[in-house]
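Structure assessment
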Amino acid sequence: MNTIIIGSQWGDEGKGKMIDFLTETADVVARGQGGNNAGHTVIANGKKYILHLVPSGILWPGKLCVIGNGVVLDPIGLVEEINTLRDQGVTITPENLMISDRAHVVLPFHREMDAAQESSLGKKAIGTTKRGIGPTYADKARRIGIRMIDMVDPEFFVEKLRTRCEMANVELEKMGVEPLNVDEQIKTVCEAADVLRPHIGNTIPVMHEAVTAGKSILFEGAQGAFLDVDFGTYPFVTSSNTSSAGACTGTGIPPHKIDNIIGVCKAYTTRVGAGPFVTESEELSDHLHGMGREFGATTGRARRCGWSDGILLRFSAMFNGFNEMAMTNLDGYDQCPEIRICVGYDLNGEILEYPPARVDQWEQCKPVYETMPGWLQDISECRTWSEIPENAKKFVARMSELIGCPITTVGVGPDREQTIQVEA
Ligand code: GDP
Ligand code: IMO
Ligand code: MG
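Keep in mind that what you see is a predicted model, and the values were worked out from it rather than measured. (Residues numbered from 1 in each chain as written. Chains lettered and ligands numbered in written order. Predicted model: local features only at pLDDT ≥ 70, side-chain atom pairs only at ≥ 80, totals over all residues. Heavy atoms only, no water.)

**Digging into the site of ligand 2**
Every one of the 20 residues lining ligand 2 counts as a neighbour, but Asp12, Lys15, His40, Thr129 and Thr238 are closest to it. Here an oxygen atom of ligand 2 and a backbone polar atom of Gln223 are 2.8 Å apart. Note that an oxygen atom of ligand 2 is positioned 3.0 Å from one of the side-chain N or O atoms of Arg301. Its free accessible area being 550 Å², ligand 2 has 98% of it covered by the protein chains. Its residues assigned to classes, the shell around ligand 2 shows seven nonpolar, 10 polar and three charged. (Near = heavy atom within 4 Å. Polar contact = N/O pair within 3.5 Å; in protein donor to acceptor, adjacent residues only side chain to side chain. Areas by Shrake-Rupley, 256 points an atom, 1.4 Å probe, with all protein chains shown as cover. Nonpolar A, V, L, I, M, F, W, Y, C, P; charged D, E, K, R; others polar.)

**Notes on empty space enclosed by the protein**
In the structure shown here, the tally under the stated rule is one cavity of 30 Å³ or more. Lining the largest cavity are 14 residues, with Gly32, Gln33, Glu220, Gly221 and Ala247 sitting closest to its centre. Of all the secondary-structure elements, those providing two or more residues to the lining of the largest cavity are β1 (2-7), β10 (217-220) and α8 (245-249). Broken down by element, the lining of the largest cavity gets its largest block of residues, three residues, from β1. In the lining of the largest cavity, the residues fall into six nonpolar, seven polar and one charged. (1 Å grid on protein atoms, 1.4 Å probe; cavity = no way out; pocket = protein on both sides within 12 Å on 5 of 7 lines; lining within 4 Å. Points joined across faces, edges and corners; volume = space filled by probe spheres on them. Helix = DSSP H or I, 4+ residues; strand = E, 2+ residues; numbered from the N terminus.)

**Things to note about the site of ligand 1**
Taken together, 18 residues lie around ligand 1, and Lys15, Gly16, Thr41, Asn329 and Asp331 are the ones closest in. Contact between ligand 1 and Glu13: an oxygen atom at 3.1 Å from a main-chain N or O atom of the residue. In the model, a nitrogen atom of ligand 1 is placed 2.7 Å from a nitrogen or oxygen of the Asp331 side chain. The protein chains hide 91% of the 580 Å² of surface that ligand 1 would expose on its own. Every element with two or more residues in the shell around ligand 1 is listed here: α1 (15-23) and β3 (40-44). When residues in the shell around ligand 1 are grouped by element, the largest group, three residues, is from α1. Residue composition of the shell around ligand 1, grouped by class: two nonpolar, nine polar and seven charged. The two domains that each donate at least three residues to the shell around ligand 1 are domain 1 (2-99 + 200-260) and domain 3 (266-421). (Domains from an automatic or database assignment.)

**Describing the side chain of Glu13**
Mapped onto the secondary structure, Glu13 falls in the loop between β1 and α1. Reaching out from Glu13, the side chain makes a polar contact with the backbone nitrogen of Gln9 at a distance of 2.9 Å. A polar contact is formed between the side chain of Glu13 and the backbone nitrogen of Trp10, at a distance of 3.5 Å.

**With respect to the environment of Pro94**
With respect to the element layout, Pro94 can be found in the loop between α2 (75-87) and β7 (97-100). The exposure class of Pro94 is partly exposed, given its relative accessible area of 34%. Residues Pro94 and Ala30 lie 64 residues apart in sequence; the distance between their C-alpha atoms is 15 Å. Setting aside chain neighbours within four positions, we find Pro94 in contact with Pro198 and His199. (Buried < 20%, exposed > 50% of the residue type's maximum accessible area, 1.4 Å probe, protein only. Contact = heavy atoms within 4.5 Å.)

**Things to note about the layout of surface pockets**
The space that makes up the second largest pocket amounts to roughly 240 Å³. In this structure, the second largest pocket is lined by 14 residues; those nearest its centre are Ile58, Leu59, Trp60, Pro61 and Val90. Per-class residue counts for the lining of the second largest pocket are seven nonpolar, six polar and one charged.

Shape is all these values report; function is a separate question.
Here is the structure:
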């Protein structure tokens with residue numbers, strides 16, 4: 001059984017928690033896009049782990065984790081992450097963490113370019129994570145990128161690095177930024193390369209052998225559907241295909257080998273960074289932040305919060321092909337007397353069923369809400385569907401109807417144990 005897990009909104013839906021939950025029955029967990037702009041929180045056995053590049057499956061022993069070809073990988077960041085996880089008692093070896101030889105490398109100057117581009121945009125800044133993601137994918141598309149395979153031969157790697165870093169200094173100067181020390185960049189990247197080298201290989205046959213042997217693969221999506229460079233709130237997006245198709249191009253497993261596509265959504269909606277957000281609500285943001293929730297795992301930024309958005313999720317289900325949806329953070333609504341659900345986008349009097357392509361029009365859309373009564377009860381202790389209050393069940397049923405696919409699990413808290421199977 002090969003399953004893709006996709007964030008269905010703007011990221012931070014609780015993908016890490018769902019991956020961790022589903023890894024128990026999987027053999028391989030693979031990332032196919034994005035980089036360490038991702039921050040996936042998993043709380044297991046009372047311990048909190050934050051994963052950026054390492055697939056969340058690493059917390060289970062005996063599982064193979066793969067960083068696929070579609071990922072952009074910051075070697076310095078990855079070594080730091082591996083060290084942090086090891087300090088927390090997680091075992092990471094070349095046997096359980098394999099990195100695609102075709103993945104592209106994020107270099108220090110990419111981060112510098114990301115920050116410079118953001119500051120040059122002023123008020124129109126995207127609000128990136130400044131992890132160098134956009135500039136690295138740009139290098140890939142410009143066909144000047146450096147890939148993990150280049151790291152395998154140290155001398156060849158140094159030569160390649162020097163040429164690219166020198167060229168980058170010219171680009172940085174054009175951007176009005178101080179050039180970076182080339183030797184310093186080479187030194188730090190090569191130190192990280194020494195640690196990562198044993199993990200690098202051709203991951204494609206390894207994954208295909210797993211498929212042929214009848215093993216189960218989980219494809220761990222990063223970011224969310226509306227940060228997709230094609231389907232999202234362009235240009236307020238990331239630079240990869242975060243939607244389900246990205247899992248195939250990002251790992252080399254073809255579409256016909258995929259059995260199930262699960263969307264993960266929050267019961268409400270959040271986004272970090274700039275861009276349209278039709279159901280955004282200051283009142284709900286204050287409420288959730290007041291509960292100590294919704295601060296980013298990667299940058300610590302307070303997330304923007306808004307009401308449930310049926311228009312967004314229905315479109316997401318369409319272009320991702322969700323067979324089912326996992327809804328996390330249902331407990332976020334515990335103290336809300338009334339819940340708002342967006343059922344239409346009003347663009348200057350015209351009611352839209354799907355978000356518009358033009359970002360300025362998307363910004364102008366006003367939500368058409370229906371309201372449902374809340375349950376005003378702490379549901380974090382619930383462990384079975386029968387314990388969930390009737391009004392919460394009705395909310396889940398209505399969202400399922402709007403999205404057009406069944407909601408099969410709900411989250412009532414951040415812990416592994418706080419995941420409940422929905423019963424019909
Ligand atoms: P990801 O990037 O999609 O993996 O999500 P993040 O880890 O960035 O953000 C999700 C946040 O919600 C994290 O703090 C999780 O611990 C938390 N979380 C996930 N599911 C639930 C849930 O059902 N209830 C509560 N209260 N928190 C949850
Ligand atoms: P996970 O996997 C939420 C957002 C940034 C910014 C935009 C572009 O934890 O859900 P980038 O650095 O990618 O060029 O920034 O995308 N962004 C995320 N938002 N969750 C993420 O990952 C994100 N990764 C990038 O905030 O708006
Ligand atoms: Mg996150």
